[in-house]
Amino acid sequence: MDQTISPLLGSSGTFLPVKGPLTMATVTFDQATRVYPGSERPAVDKLELDIADGEFLVLVGPSGCGKSTSLRMLAGLEDVNEGAIRIGERDVTHLPPKDRDIAMVFQNYALYPHMTVADNMGFALKIAGVPKATIRQKVEDAAKILDLTEYLGRKPKALSGGQRQRVAMGRAIVREPQVFLMDEPLSNLDAKLRVSTRTQIASLQRRLGITTVYVTHDQVEALTMGDRVAVLKGGLLQQVDSPRNMYDRPANVFVAGFIGSPAMNLVEVPIVDGGVKFGNSVVPVNRDAIAEAANKGDTTVTVGIRPEHFDLVNGETKSLSKDDKAGLAVTVNVVEELGADGYVYGTAHVGGQDKDLVVRVNGREVPMKGETLHVVPRAGETHVFSTSTGERLTD
Amino acid sequence: MQHGKYRFIVGFLALPLAIYAVFVISPFVQAIYYSFTDWTGLSSDYSWVGLENYDRLLDDEIFWKALRNNLLLLLVLPLVTLGLGLFFAFMLNVGGKRRRGAVIAGVRGSGFYKVVYFFPQVLSIAIVAVLFRYAYEPTEGGALNGFLRAIGLDSVQPLWLGDPDLALWCVMAVMVWCNVGFYVVLFSAGMSSIPRDFYEAALLDGANRFTTFFRITLPLLWDTVQTGWIYMGIIALDSFAVVQIMTIGPGGPDYSTEVLSFYLYTKSFRDGQAGQATALGVALLIVTLIFAGIVMRLGRRERLEF
């Protein structure tokens, strides 16, 4: 599947499931909660999530955030202690996995080592009692889409990592389920293959139009693949939004720091008249936001600025004190040159303490180690969060 | 490095090979040699008799009976023991009903059963055989017939070890009882090395317990089963202790529990026909080699890796 994209229909012309309006495969998590025995804190805490028919939703978060548990609850491999899970109109909360009409791609693929690729892909149909000829037809069609035709007779052992990954996908596709579940399916591939495979999975999902829930810890994967992204932390849903909105308007400090690479700079700064004091400059911030923070009794707010939203200044801008240059002085520690851009990792003195900052600079004019840059955040591109609650203040 | 390589290798191999030759190879050769003599085993005089011992063996009704019993044990014992072992191990590890907390689990109290199943393995075979001899006692004191009477089956009072048609099966039952626990533990260990992913994938594919066992567990456990088969086969070909201690005669009524190893022992130490006994030993060796060959051929498969 690395060169060409095969036609959507298999040779039989019947490959694609024809989804009528009756088989709307929406997925709903309704206050779904999972508490592991012997643990006080829920692994997944009252998860509320509505996934539309045909949508590609990515669950993302650091390890231990409950994303895999959520997926396994939907698969039926994990009990639901409270709340409900629905697929379409069906309540599947306590149904066994086989009755849920789902297919799952496991992180380690879980290909049966004693079966050939074809047997692996057709196993579910064989158990369901589908006639042999039909199974062969479906397996061949799926193999064609995934470019696996020549490997159908091999055992998983004789396949490369990327091929195994595709067989795992094929096993899910052959079943024509209502919902695909994918549990970090790319984490065993090398970096280059991962990048090419993620676009292939995303485009395949779009062609098949099957509702997909995808779990990953990699925020780049989440942003590039998902129609929508759900960020979890400590079993709690932080934000569900499109990748664009997630990047532009993170709902709280955690999401702000998690989404985007390199991470957003988060600096705690004091509130002054007309904005916030950022080094030697005043950055104008929405009045309502400041008022809201002040109402909570905060004297500071946390300002988030993405590395690309710093402007370099050399004293032209208005400064608070005449002796110092405008903006925030950043001492360069390390410069990462990526060709087109350079990322400056430096230290700045903000609010009485040293703070590490990342600044994106033009790839042709990177500063030297040890130099001092003066930067100001670009107006309108700052994110303001409450220091006490971490919630977003600006809109 | 090439220089002196062979001296280096020979230096390490010479001693072990010499020990092996003296203590393993030479007794084999010696035994085969004695099988062509009329040695009594009691004196140092013997003379060469050629194939006479083997000739006599072919006409020996007891030999054929013993061989038949051995072959029956070889077929039935591994099949029943391994079958039961696999069944119990599957139930203990993955056969349980869905319970709170885990999708794949053993039956309730599986940890306790694992220990209980292993008990017979700890007991000495001599003690087991003595215990069962009393249990099989057809008179008042016998536990089995006592039990049958207690549940009102006064008319069903088999002679057990005294019945030529039943005696061998009684021996088999004891040997199964002794060995099943070991295979439960062995197969449990094998099953716990199968990644849970496979079971979960099978669950999602819609496999029930039955299909999971035959299509996933058994193929992935094949190496272990094969090892168990060979080991159990060796026990079946031997079965000396149980026959010697437990059965009537010993050897059973009408030689019904006679086996090659016990017949060999009788010939050489009771009848003073060591030459004849070594011929029996050679016959047992041939049977063993054929068995090993068949198992190796049938069991040859690609190695699996998870």
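Since the model is a prediction, treat every value here as computed from it, not as a measurement.

## Topic: the overall build of chain A
- Broken down by element type, chain A carries 9 helices and 20 strands.
- Its C-alpha atoms give chain A principal-axis dimensions of about 85 × 45 × 40 Å.
- For chain A, the residues scored as buried account for 44% of the 395 residues in total.
- Sequence-distant contacts, at least 24 apart, represent 67% of the contacts inside chain A between residues at least 6 apart.

## With respect to the sheet that holds strand E17 (residues 341–350) of chain A
All names here are of chain A.
- With antiparallel pairing, the 5 strands of this open sheet are ordered in space as E15-E19-E16-E17-E18. Strands at the two margins of the open sheet, each flanked by one partner only, are strand E15 (310–312) and strand E18 (353–362). Ignoring strand direction, the axes of neighbouring strands in this sheet form an average angle of 45°.
- Where strand E16 (residues 328–337) meets E17, 7 bridges bridge the pair, whose relative direction is antiparallel. By the bridge assignment for E17, Glu336 is matched with Tyr343.

## Section: the interface of chain A and chain B
- Taken together, the 19 residues of chain A in the interface contact 19 residues of chain B.
- Put simply, the parts of the chain that give the side of chain A that touches chain B at least two residues each are strand E6 (102–105) and helix H2 (117–127) of chain A.
- It is H2 of chain A that provides the largest number of residues to the side of chain A that touches chain B, a total of 3 residues.
- Of the residues belonging to the side of chain A that touches chain B, the class tally is 14 nonpolar, 2 polar and 3 charged.

## Focus: the domain arrangement of chain A
- Each domain of chain A was delimited in the assignment, giving domain 1 (21–253) and domain 2 (262–386).
- Distance from the C-alpha centre of domain 1 of chain A to the C-alpha centre of domain 2 of chain A: 40 Å.

## Describing the packing of helix H5 (residues 125–136) of chain B against helix H7 (residues 167–192) of chain B
Residues and elements named next belong to chain B.
- The interhelical angle for the contact between H5 and H7, taken along N-to-C directions, is 135°, at an axis separation of 11 Å. Taken together, the axes of H5 and H7 lie oblique to each other. H5 and H7 meet at a crossing whose hand is right-handed. Residues Ile125, Val128, Ala129, Phe132 and Tyr136 of H5 form the contact with H7, whose own contacting residues are Cys170, Val174 and Cys178.

## What about the confidence of the model for chain A?
- Taken as a whole, chain A shows an average pLDDT of 87; of its residues, 91% reach a score of 70 or greater.
- Low pLDDT, under 50, characterises residues 1–22 of chain A; the predicted model gives this stretch 21 contacts beyond four residues in sequence or across chains.

## Structural notes on the nonpolar core
- Residues Leu181 and Val213 of chain A together with Val171 and Val174 of chain B are the most contacted members of the largest nonpolar core, which totals 170 residues.
- With 13 residues, H7 of chain B is the largest single contributor of residues to this core.
- Residue contributions to this core reach at least three from each of two domains, namely domain 1 (21–253) and domain 2 (262–386) of chain A.
- Apart from residues lying up to four places away in sequence, Leu181 of chain A is in contact with Leu71, Leu74, Ala75, Ile102, Met104 and Val213 of chain A.

## Brief notes about unusual backbone geometry
- Look at the link from Ser261 of chain A to Pro262 of chain A: it is a cis peptide, with omega at -5°.
- Checked against the element boundaries, Pro262 of chain A lands in the loop between helix H8 (253–258) and strand E11 (265–272).
- At the junction of Gly249 of chain B and Pro250 of chain B, the peptide bond is cis and its omega measures out at -10° in the coordinates.
- Mapping Pro250 of chain B onto the fold places it in the loop between helix H11 (240–246) and helix H12 (260–270).
- Phi is positive for Gln31 of chain A, which is not a glycine, with a value near 55°.
- Secondary-structure assignment places Gln31 of chain A in strand E1 (residues 27–34).

## Considering the UniProt feature "transmembrane region" (unreviewed entry) in chain B
All names here are of chain B.
- Within the UniProt annotation, "transmembrane region" (unreviewed entry) is assigned to residues 12–36, 71–94, 115–136, 166–186, 229–253 and 273–296.
- As annotated, residues 12–36 has a helix share of 92% and a strand share of 0%, and its two end C-alpha atoms lie 37 Å apart.
- Helix makes up 95% of residues 166–186 and strand makes up 0%, while its end C-alpha atoms are separated by 30 Å.

## With respect to the sheet that holds strand E20 (residues 383–386) of chain A
All names here are of chain A.
- Overall, antiparallel pairing links the 5 strands, which are arranged E13-E12-E11-E14-E20 in an open sheet. Strands with a single pairing partner mark the edges of an open sheet, and in this sheet they are strand E13 (281–284) and E20. Across the sheet, the mean angle separating the axes of adjacent strands is 45° when strand polarity is ignored.
- When E11 meets strand E12 (residues 275–278), the two strands line up antiparallel, connected through 2 bridges. Paired with Ile271 across the strands is Val276, a residue of E12.

Criteria and thresholds
- Residues numbered from 1 in each chain as written.
- Chains lettered and ligands numbered in written order.
- Predicted model: local features only at pLDDT ≥ 70, side-chain atom pairs only at ≥ 80, totals over all residues.
- Helix = DSSP H or I, 4+ residues; strand = E, 2+ residues; numbered from the N terminus.
- Buried ≥ 20, exposed ≤ 12 C-beta atoms within 10 Å, placed from the backbone.
- Contact = placed C-beta atoms within 7 Å.
- Pairing = 2+ DSSP bridges.
- Axes fitted to C-alpha atoms, helices over the stretch in contact; angles between N-to-C directions.
- Nonpolar A, V, L, I, M, F, W, Y, C, P; charged D, E, K, R; others polar.
- Domains from an automatic or database assignment.
- Parallel < 35°, antiparallel > 145°, perpendicular 65-115°, else oblique.
- Left-handed = near helix turned anticlockwise from the far one by under 90°.
- pLDDT = per-residue confidence, 0-100.
- Core = buried A, V, L, I, M, F, W, Y, C linked by C-beta atoms within 7 Å.
- UniProt positions renumbered as here; feature names shortened; annotations may be inferred.

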